[in-house]
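Here are the chains, one letter per residue:
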Amino acid sequence: MSTITGTPDVSALARVASRQQSNNSSRVLGIILSLISLIACALSLIYFLILAVGWYNTPFIGAFMSDSLVLNETKTVSGEVWNGQQAGLRAGDRITRISGESGDVTFVLNDPNNSNLYSALLARYHFGTAVQVEVNRLGAQKVLATGCSAYTSDGTTCTYQVVLARLPLVDFLGQFIVGFVTGLVLFGLGVVLLTLRSHQDSARLVTDISAALAIIAAGRFELISSHQTVALWLFAACIAGAA
């Protein structure tokens, strides 16, 4: 009885080896990209903390705003009425001018440098200093309110005296720390997943999403304070949305 010995299919073995090499390369690339995501997230969290502490130590005008200096509806957490609100500033007002003993700056509509000019100006003042804040209050009809005078088709010009103060600590904790701690938790989740399950595609994907969500959560305060990382926040939101 004769024995038939088959010859190995060299081409099939080569395809298997090539496929394994490709999978290994893809896995290594995925791990590297996830590491980059976590490193970028860690650096962003550190930067957010530095910016927030610096902003907290700068006089507060008594209202939060967008990078175009339009006041938003952010509410107090402490229950304390902020000086700007007490003076008469309202959500929707656009700051057009701030004047005082340490400077006088007019903010041109749609100037991308307005936020930087605003931050630099307030940094020159001390807590307890009074400034004149001129705003444009949009509206089709004349606003009959204290401090409002000049009326144009673009809205009403109102001027208020605001005493610069520090944002109450409770409000700072509520507006920044909550989001920052959430970001730290999401970052930690990404680190754990990549450490324990780096070989799984789904774990690496969740790691990348966690890093993006950490930036979104921790960077929310930046959108209403110093506005230095708006582009980064939008990029992270796009990454999280696409995933």
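Heads up: the structure comes first, above all this text.
Residues numbered from 1 in each chain as written. Predicted model: local features only at pLDDT ≥ 70, side-chain atom pairs only at ≥ 80, totals over all residues. Heavy atoms only, no water.

Asker: Outline the overall build of the protein, supporting the account with residue identities and numerical values.
Answerer: When you go through the protein residue by residue, the secondary structure sums to 6 helices and 5 strands. Starting at the N terminus, the α and β elements of the protein follow one another as α-α-β-β-α-β-β-β-α-α-α. Once local pairs closer than 6 in sequence are excluded, the contacts in the protein between residues at least 24 apart make up 65%. Put simply, the protein shows about 13500 Å² of open surface, and 62% of that area lies on carbon and sulfur atoms. (Helix = DSSP H or I, 4+ residues; strand = E, 2+ residues; numbered from the N terminus. Contact = heavy atoms within 4.5 Å. Areas by Shrake-Rupley, 256 points an atom, 1.4 Å probe, with all protein chains shown as cover.)

Asker: Summarise helix α3 (residues 114-123); cite the residues concerned and give the values.
Answerer: Within the sequence span of α3, burial applies to N114, S115, Y118, L121 and L122. The buried side chains of α3 occupy one side of the element, clustering within an arc of 130 degrees when seen end-on. Here the buried face of α3 lies against β1 (94-100) and β2 (103-106). (Buried < 20%, exposed > 50% of the residue type's maximum accessible area, 1.4 Å probe, protein only. Arc of directions from axis to C-beta.)

Asker: Describe the pattern of salt bridges, and please don't skip the residues or the numbers.
Answerer: Taken as a whole and judged by the stated rule, the model has 3 salt bridges. The salt bridge involving D93 is made with R137; its shortest N-O contact spans 2.8 Å. Within this pair, whereas D93 is found in the loop between α2 (83-87) and β1, its partner R137 is found in strand β3 (residues 130-137), the two being separated by 44 residues in sequence. We classify R137 as buried; its relative accessible area is 5%. The residue R204 makes a salt bridge to D201 at a minimum N-O spacing of 2.2 Å. With R204 and D201 both in helix α5 (residues 201-219) and 3 residues apart, this pair spans about one turn of that helix. (Salt bridge = Lys/Arg side-chain N within 4 Å of Asp/Glu carboxyl O.)

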